[in-house]
Structure formats: C-alpha cells, structure tokens
Amino acid sequence: MPANRDQAGSNARYRRILLKLSGEALSGGAGFGIDSEVLRGMAEQGGEIIGLGVQTGIVIGGGNLFRGSSGQASGVDRITGDHMGMLATIMNSLALRDALESAGTPARILAARGIEGVVEQFERHAAIRHLEEGRAVIFSGGTGNPLFTTDSAACLRGIEIGAEIIFKATRVDGVYSADPERDPEAAKFDALGYDAVIRDQLGVMDLTAICLARDNGMPIRVFDMTRRGALRENIAGEPNGTLIGSTGGGR
C-alpha cells in the first residue's frame, strides 16, 4: 500500500472505480501482441491513481491476441472463439499484473473461471477485500460466458464491486458524432444520456453494456488514456472526455 495513500486520497474525487482498458491498445502500433512501452505506461497510470487512494478494479480486453468474432473466418466456431478470447484476456491480465507490481503497485487477478496455479476465480467479497487493502484487482476472462464482450464484463464487475464510475480508456478524447479520425466535422459530446448513445448507435460500448449501466445507474466516462495525466485529472475532479449517464445530453 502506498505510504502517502491517506494524505493523497483527499485529492481524489472517487473512492472506487472500474477502469476498462482496450486489449488492442496494448499492441501499440504493431497491431498484434504486447508493446512493452504501452504496457508500462498503463501500469504507471494505474499506479498513480491507486497512489491517490482510489480503489481500482481493471478489466482489459484480449483483442490484441484474439477476437472471438473474427475466428469464424478461420473456421473456428463462434462459441469456441469466444472462449479463446477469454483466455486472451487472462494472458493480458498476467502481463498487466506483473507490470503493475514491477512499478510498485500490488495487484491480483480474479478470473471469471479460475485456472489452478495461474489465476484465482472471481469472488465478489475477495475482490472487495483486495481493493480495500490497496491492491489493484484485474478482472479477467470476461463474464465467463460466450457472446458477451469485455465491455459488458466491465459494467458487470463495476456494479458488483460497487464502483462509483466506469472509466473507459480509448485513443480519442471522448465520444463524437462520427469517427473523428475519418470525419473532420465530427462533433464531440461533453455529456450524453444512455438512451442517446443507444438511439444514435454511437458505438461507445455494446448494447448489452450500455443497457446494464443504464439499468443500474452506473456512469461511464470515455477518455483518451494515451494522453498522460488524463486519468489522473479525471480522478482529481478535472474532468475530460465524455460523461455518459442518466442526466447526460444528446442530439
């Protein structure tokens, strides 16, 4: 546990959060695998907010290693492919745990389905205990069921651990009316309602995840984690990105 945890914690707006990281982002510019610099940067930023006294759960995708929906092109059954994708998230979680601990942040992995000698199985009370004791908790293996994305897993775990908000890390600084990398006229939203995201098919998260967040009143902030300091600013009450919630705006 960081020595300055209690003192620094007074600067944090949130007590407990769920951070959703993209598996694809781990590959950096290579498009596949794990980029050591990107991994180190994720671990350092995660360690910073834990140092502020914020209890932090993390869900990371596996798209840099395998995506279940794409396996069908190679003759892999969709259900089998999704199970392979869940295993990919466990591989990423192992890498992230070691990177966090190398940076001085204690971390544990709790998987939807445990693997003896590798990762423990998720249990809600154990997760909360680890969080309260100052460890980062990485939730891997998705929901444990095929046909659900890691976005849905992030919303589910966030609700289960009583997180105050889900932070979804992306490579753009919020939600836009169109892809800002393709459309220079795309407009950025500072806030959006859940129903606006669904109605306008903005692609922030899959439909199941957004509905789960809406039905449980879980706010989601979408932000650019590639900009160093963006997560820390949000935690300190200097918001950036787009907030999705029950009182958000919309077109």
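Above: the structure in question.
Remember, predicted model here, so these are calculated numbers, not experimental data.

Moving on to the packing of aromatic side chains. Tallied over the entire structure, the rule returns 3 aromatic pairs. On the numbers, 5.7 Å between centres and 80 degrees between planes, the contact of Tyr-14 with Phe-167 is edge-to-face. You can see Tyr-14 sitting in the loop between helix H1 (5–9) and strand S1 (16–21) and its partner Phe-167 sitting in strand S6 (residues 165–170), a full 153 residues away along the chain. For Tyr-14, a relative accessible area of 12% corresponds to the buried category. Taking the relative accessible area as the measure of exposure, Phe-167 reaches 0% and is therefore buried. Measuring from centroid to centroid gives 6.0 Å for Phe-167 and Phe-223, while their planes differ by 85 degrees, and the two rings are edge-to-face. Here the residue Phe-167 occupies a position in strand S6, and Phe-223 occupies one in strand S10 (residues 220–224), the gap between them amounting to 56 residues. One exposure class covers both Phe-167 and Phe-223, and it is buried.

The element S6 is largely enclosed, with a buried count of 5 among its 6 residues. Pairing of S1 with S6, which is carried by 4 bridges, proceeds in the parallel orientation. When the bridges of S6 are listed, Lys-20 appears paired with Lys-168.

What follows concerns the packing of helix H5 (residues 150–160) against helix H7 (residues 207–215). It is at 7 Å that the axes of H5 and H7 come closest, and there the two elements cross at 20 degrees. In terms of orientation, H5 lies roughly parallel with respect to H7. Crossing angle aside, the handedness with which H5 passes H7 is left-handed. Residues Asp-151, Ser-152, Cys-155, Leu-156 and Ile-159 of H5 pack against Thr-208, Ala-209, Leu-212 and Ala-213 of H7. Here the contact of H5 with H7 is composed, by residue class, of 6 nonpolar, 2 polar and 1 charged.

Reading across from one edge, S4-S3-S5-S2-S1-S6-S10-S11-S9 is the order of the 9 strands in this open sheet, with mixed pairing throughout. Sheet topology places strand S4 (120–121) and strand S9 (191–193) at the edges, where each strand pairs with a single neighbour. When strand S2 (residues 55–60) meets strand S5 (residues 136–140), the two strands line up parallel, connected through 3 bridges. By the bridge assignment, Ile-58 is partnered in S5 with Ile-138.

Calculation notes
Residues numbered from 1 in each chain as written. Predicted model: local features only at pLDDT ≥ 70, side-chain atom pairs only at ≥ 80, totals over all residues. Heavy atoms only, no water. Phe/Tyr/Trp six-rings, centres within 6.5 Å; stacked < 30°, edge-to-face > 60°. Helix = DSSP H or I, 4+ residues; strand = E, 2+ residues; numbered from the N terminus. Buried < 20%, exposed > 50% of the residue type's maximum accessible area, 1.4 Å probe, protein only. Pairing = 2+ DSSP bridges. Axes fitted to C-alpha atoms, helices over the stretch in contact; angles between N-to-C directions. Parallel < 35°, antiparallel > 145°, perpendicular 65-115°, else oblique. Left-handed = near helix turned anticlockwise from the far one by under 90°. Contact = heavy atoms within 4.5 Å. Nonpolar A, V, L, I, M, F, W, Y, C, P; charged D, E, K, R; others polar.

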